[in-house]
Amino acid sequence: MFFQDAAIFLQEGQNNDRFDTHPSQKAMPWYLLAHSTCFYLVDMMASLLLLCLALAERPGNGDVSVNDILFLPVTVHGALEIVLLSIIACGCGVKLKWQGAKFYFTHKRTLLKIVVLVVMYAEAITVLIRKENHFRVTRALRPLLLIDTHYCYGVRRCLRQILLSLPPILDMLFLLLFIMLIFAMLGFYLFSDNEDEFFSGFGRSFISLFVLLTTANYPDVMMPAYNRSRWSVIYFAVYISVTLYFVMNLLLAVVYDTFTVIEKAKFKTLFLHKRRSVREAYKLLCSMSPPYNIPFCPHFVGLMSFYKPRSTPVETYLVFKSLTSSQRKQLSLEEFYNVFENSEMKWKRITSDNAWFGCLTRWKYLYRTVKVYTAEAFLKIVGYGLRKYLLSGWNRNTSYEESYKESGYYYLNNFDDLLHSYGRGCSHDIRVGQNVFLHRYREDMKIRKEITVNYEELLALGEEYVTDIQPQQTVQYIGKRSKTKMDLSKKMYADEVEVWSSNRSPATEN
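Residues numbered from 1 in each chain as written. Predicted model: local features only at pLDDT ≥ 70, side-chain atom pairs only at ≥ 80, totals over all residues. Heavy atoms only, no water.

### A look at the overall build of the chain
So, step 1. Assigned secondary structure in the chain consists of 25 helices and 5 strands.
So, step 2. Buried residues in the chain amount to 36% of all 510 residues.
So, step 3. Considering only residue pairs separated by 6 or more positions, the chain has 68% of its internal contacts joining residues 24 or more positions apart.
So, step 4. Accessible area of the chain: about 30,900 Å², with a carbon and sulfur share of 64%. (Helix = DSSP H or I, 4+ residues; strand = E, 2+ residues; numbered from the N terminus. Buried < 20%, exposed > 50% of the residue type's maximum accessible area, 1.4 Å probe, protein only. Contact = heavy atoms within 4.5 Å. Areas by Shrake-Rupley, 256 points an atom, 1.4 Å probe, with all protein chains shown as cover.)

What follows is the structure in structure tokens.
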């Protein structure tokens, strides 16, 4: 059973779950249910359908179009709302059984979700009893239930960073507001006597300067005062210099610095959290005798049977071999730290039979270009007919032909014959160049690892893996995976990562 516990520790590290909620044997079924794909999909669909109910409900002004075929009676959409809220509430109940009341109700986001559910329940029941819609503010809270689903964890993380970055940004906004108030008061006393419509009152002065911050009303806002006295240009020049060119750029620098600091702190938390999950799993899997490493069988195989249950024996062995840096079939703790990255590899066997095809895969952009032109030709054949398409040369005879023909220029698909089609190569080169760039970008965003396995190693995994090879023959596998944000952050903060990895305090070990 410790194989499953070790796999759960790795899942908690990958999902950034608290170790305090690590399931006991009694709560294990509820944990597995709460982390099943079926549970994620049901929770997601219930939240989406609840959000889509707005298409069938009466709007806030009470007017419904006669042609609105999506409109549902109050009793129908009210009953559907209660059913969907009940499904979401059942999901909360499953998490409560898994985490326990103490940890469940101390989570801030969970408490917010419960409050939203209770308020929405009360309002939905009220609508059903009254059989009439009223101005419902709580419908604006429905997106919160969708954001709380498993598949929206990236949105939650982004929103969290925005909320954490608000204090210093608000400080800069208050500074900008204070400067605008001073200049609005100064402009009111300087230009209000000139019958200036832009500074006729304090409120009007503030609005004029607020628009001037975007330069949308410049120089119109300055013209009446400038017409009376040319010295008034100093006022507007100082205001634009201070607010637009100094404070706004300072605000941008504060936003960037705040996000950078928060992103670095978040990355450090996730990085150390993952390392701790690996250490917890390592304690359960390592051997009881020195050197206290993780053997391939049965410990690593048992771990992968729960952590990656769809992996084949060969894929499990390739992950293990990609982790170890020596020929011994044991993993140290430092090697086991890379289990998250290497377990995401997609492995493919490379043999002499498909070596020629492997060269062609480098030219995927050429395949895509051929597909585009094939689709273009097919559509023209459907539109013109086969006979007209074949007799039209390069599909010329358009209304623009003569004007281009006289100048000696030709545009795409307007050529007399193949000899005059050289100009088409420019556009073709542009398309191919774009495809080359995108192909190289996608390839650069992948991490590769090659592993060589001999006959004896494959035979130990099963006789079905050596049916097409001979003894003393080796087989090469290549593993690929896309670079993640964690990989890019490790590269960006390489020096800090080395310090964090070496400075493991006793508190982080437990």
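### Here we look at the packing of aromatic side chains
So, step 1. Counting across every chain of the model gives 24 aromatic pairs.
So, step 2. Aromatic pair Tyr 40 and Tyr 151: ring centres 6.0 Å apart, planes at 80 degrees, arrangement edge-to-face. With a gap of 111 residues between them, Tyr 40 in helix α3 (residues 37–52) and Tyr 151 in the loop between α7 (142–147) and α8 (153–164) connect regions that are remote in the sequence.
So, step 3. The exposure class of Tyr 151 is partly exposed, given its relative accessible area of 40%.
So, step 4. A cation over a ring is seen here: Arg 275 above Tyr 337, with NZ or CZ 3.7 Å from the ring centre.
So, step 5. Over the aromatic face of Tyr 307 sits the side chain of Lys 308, whose NZ or CZ is 5.5 Å from the ring centroid. (Phe/Tyr/Trp six-rings, centres within 6.5 Å; stacked < 30°, edge-to-face > 60°. Lys NZ or Arg CZ within 6 Å of the ring centre and 35° of its normal.)

### Section: the nonpolar core
So, step 1. Counting 40 residues, the largest nonpolar core has Leu 10, Val 278, Phe 300, Leu 303, Phe 336, Leu 458 and Tyr 477 as its most contacted members.
So, step 2. For this core, the element with the most residues is helix α14 (residues 313–323), which contributes 6 residues.
So, step 3. What Leu 458 contacts, discounting residues up to four positions off in sequence, is Val 314, Val 453, Tyr 465, Val 466, Ile 469, Val 475 and Tyr 477.
So, step 4. Membership of the second largest hydrophobic core comes to 23 residues, among which are Met 180, Ala 184, Phe 199 and Tyr 239. (Core = buried A, V, L, I, M, F, W, Y, C linked by side-chain atoms within 4.5 Å.)

### Focus: the state of the cysteines
So, step 1. This structure, assessed with the given rule, holds 0 disulfides.
So, step 2. Unpaired in terms of disulfides, Cys 90 finds its nearest cysteine sulfur in Cys 92, a separation of 9.1 Å.
So, step 3. Classification of Cys 90 by relative accessible area gives exposed; the value is 54%. (Disulfide = S-S within 2.5 Å.)

### Structural notes on helix α24 (residues 494–502)
So, step 1. For α24, the full list of buried residues reads Val 497, Trp 500 and Ser 501. Down the axis of α24, the sector holding all buried residues measures 100 degrees, keeping them to one side. Exposed and oriented more than 90 degrees from the buried face of α24 are Asp 495, Glu 498 and Ser 502.
So, step 2. Buried residues in α24 make contact with α12 (233–285) and α23 (485–492). (Arc of directions from axis to C-beta.)

### Side note on the pattern of salt bridges
So, step 1. Counting across every chain of the model gives 12 salt bridges.
So, step 2. A salt bridge links Glu 81 to Arg 142, with the shortest nitrogen-to-oxygen separation between them at 3.3 Å. You can see Glu 81 sitting in helix α4 (residues 74–99) and its partner Arg 142 sitting in helix α7, a full 61 residues away along the chain. The pair Glu 81 / Arg 142 is uniform in exposure class, with both members buried.
So, step 3. Within the structure, one salt-bridge network assembled from shared partners comprises Arg 109, Lys 113 and Asp 148. (Salt bridge = Lys/Arg side-chain N within 4 Å of Asp/Glu carboxyl O.)

### Regarding the UniProt feature "transmembrane region" (unreviewed entry) in the chain
So, step 1. With numbering matched to this structure, UniProt assigns "transmembrane region" (unreviewed entry) to residues 30–56, 76–98, 110–129, 172–191, 198–218 and 233–256.
So, step 2. Regarding residues 76–98, the helix share stands at 100% and the strand share at 0%, and the terminal C-alpha atoms are separated by 34 Å.
So, step 3. The span residues 110–129 shows a helical share of 100% and a strand share of 0%, and its end C-alpha atoms are spaced 29 Å apart. (UniProt positions renumbered as here; feature names shortened; annotations may be inferred.)

### Some remarks on the packing of helix α9 (residues 166–191) against α12
Two numbers describe a pair of packed helices, the interaxial angle and the distance between the axes.
So, step 1. Taken N-terminus to C-terminus, the directions of α9 and α12 make an angle of 175 degrees; their axes are 9 Å apart at the nearest point. Relative to α12, the element α9 lies roughly antiparallel.
So, step 2. Residue composition of the contact of α9 with α12, grouped by class: 23 nonpolar, 3 polar and no charged. (Axes fitted to C-alpha atoms, helices over the stretch in contact; angles between N-to-C directions. Parallel < 35°, antiparallel > 145°, perpendicular 65-115°, else oblique. Nonpolar A, V, L, I, M, F, W, Y, C, P; charged D, E, K, R; others polar.)

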